[in-house]
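# Coordinates in review
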Amino acid sequence: MKEKKHMEHEKECHCNEPCECEKECSCGEENKCNENCNCGEDKANEYLEMAKRLQAEFENYRKRTFFEFKKAKEDGEINVIEVFLPCLDTFKVAKKSITDSKVLEGVEMIENNILQALEKIGVQKIESIGQKYDPNLHNVIAIANVQDKENDIILEEYQAGYKYNDRIIRYSKVIVNKKED
């Protein structure tokens, strides 16, 4: 009868199940049991926290690699654009030496088409002539003294500057007005 009672009690309190916290069984037996034990819940919470940390780390990794990929792509695009900028400078030199108006018109048309294509991909020419000097956009290569113009006004552009998605690819090289006081 005692065996039967103990068997029924075992089913009831699960004395033979291992428990990590090793609390005494409330049934009075010497065996350890997990009655009123929350160590399983602690483990579940620990695994849940670990899963949340891993998920957050993966999300940070995903964002970081996306940013690095985007930056590498933009750097590559800028490198290609920088190769074409001297070609655009050649148009300026060529236009000065062309005397035939039809040829000049054709060269200007080609230059404008290239500039429009660059604008479609996000490249913009930095406006200079007649603008106020901005050290964030322009490099001064010379200073002129024209009394009927304001100080720090750009009089001439020696080399055009360009930016790509608000990032300066090349600064404009300009001549700036400085009046003598």
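For the structure itself, look to the data block above.
Read on for an overview of the structure.

Analysis parameters
- Residues numbered from 1 in each chain as written.
- Predicted model: local features only at pLDDT ≥ 70, side-chain atom pairs only at ≥ 80, totals over all residues.
- Heavy atoms only, no water.
- Helix = DSSP H or I, 4+ residues; strand = E, 2+ residues; numbered from the N terminus.
- Contact = heavy atoms within 4.5 Å.
- Areas by Shrake-Rupley, 256 points an atom, 1.4 Å probe, with all protein chains shown as cover.
- Phe/Tyr/Trp six-rings, centres within 6.5 Å; stacked < 30°, edge-to-face > 60°.
- Buried < 20%, exposed > 50% of the residue type's maximum accessible area, 1.4 Å probe, protein only.
- Salt bridge = Lys/Arg side-chain N within 4 Å of Asp/Glu carboxyl O.
- Core = buried A, V, L, I, M, F, W, Y, C linked by side-chain atoms within 4.5 Å.
- Expected span 1.5 Å × (residues − 1).
- Arc of directions from axis to C-beta.
- Patch = residues over 30% accessible without salt bridge, like charges linked within 9 Å, V, L, I, M, F, W, Y side chains within 5 Å.
- Pairing = 2+ DSSP bridges.
- Axes fitted to C-alpha atoms, helices over the stretch in contact; angles between N-to-C directions.

This next bit is on the overall build of the protein chain. Within the protein chain one finds three helices and six strands. Listing the helices and strands of the protein chain from first to last along the sequence gives α-α-α-β-β-β-β-β-β. Considering only intrachain contacts with a sequence separation of at least 6, the fraction spanning at least 24 residues in the protein chain is 51%. Accessible surface, the protein chain: about 13,800 Å² in total, of which carbon and sulfur atoms supply 52%.

Looking at where I114 falls in the secondary structure, it is placed in helix α3 (residues 101-120). In this structure, the C-alpha to C-alpha distance between I114 and F84, residues 30 residues apart in sequence, is 9.8 Å. Those residues in contact with I114, other than ones at most four positions away along the chain, are L88 and F91.

With that settled, consider the packing of aromatic side chains. The relative placement of two aromatic rings is captured by the distance of their centres and the angle of their planes. The tally for this structure, following the rule as stated, stands at one aromatic pair. With a centroid separation of 6.3 Å and 35 degrees between ring planes, the pair formed by F58 and Y61 is classed as tilted. With F58 and Y61 both in helix α2 (residues 39-97), this residue pair falls three residues apart, about one helical turn. Taking the relative accessible area as the measure of exposure, Y61 reaches 43% and is therefore partly exposed.

On to the pattern of salt bridges. Close approach of charged atoms lets side chains of opposite charge pair. Across all of its chains, the model carries nine salt bridges by this definition. Connected through salt bridges with shared partners, the residues K71, E74, D75 and R167 form a single ionic network.

Counting 13 residues, the largest nonpolar core has I81, L85, L88, V123, Y162, Y164 and I169 as its most contacted members. Elements represented by at least two residues in this core include exactly α2, α3 and β4 (162-164). Tallying contributions element by element places α2 first for this core, with five residues. Setting aside chain neighbours within four positions, we find L85 in contact with Y162, I169 and R170.

For an α-helix, 3.6 residues make a turn, and residues three or four places apart therefore share a direction. Under the 1.5 Å per step criterion, the end-to-end length of α3 is 28 Å for 20 residues, consistent within 8% with the ideal 28 Å. When α3 is considered as a whole, its buried residues turn out to be V107, E111, L115 and L118. For α3, the arc enclosing every buried residue in end-on projection is 75 degrees, short of the 170-degree limit, so these residues lie on one face. Exposed residues pointing more than 90 degrees away from the buried face of α3 are listed as S101, K102, E105, M109 and K120. Directly beyond the C-terminal end of α3, a positive phi value near 105 degrees is found at G122.

In this section: a nonpolar patch on the surface. Judged by side-chain polarity, Y47, M50 and L54 come together as a nonpolar surface patch covering roughly 310 Å² of accessible area. Inspection of the secondary structure puts M50 in helix α2.

Glancing now at the sheet that holds β4. Read across the open sheet, the three strands follow the order β1-β4-β5; overall the sheet is antiparallel. At either end of the open sheet lies a strand with only one pairing partner, and these are β1 (123-125) and β5 (167-170). The average angle at which neighbouring strand axes cross in this sheet is 35 degrees, direction not considered. With three bridges joining them, β4 and β5 adopt antiparallel strand pairing. Residue pairing in the sheet places K163 in a bridge with I168 of β5.

Inspection of the secondary structure assignment puts I121 in the loop between α3 and β1. For the pair formed by I121 and E77, sequence separation is 44 residues and the distance between their alpha carbons is 9.5 Å.

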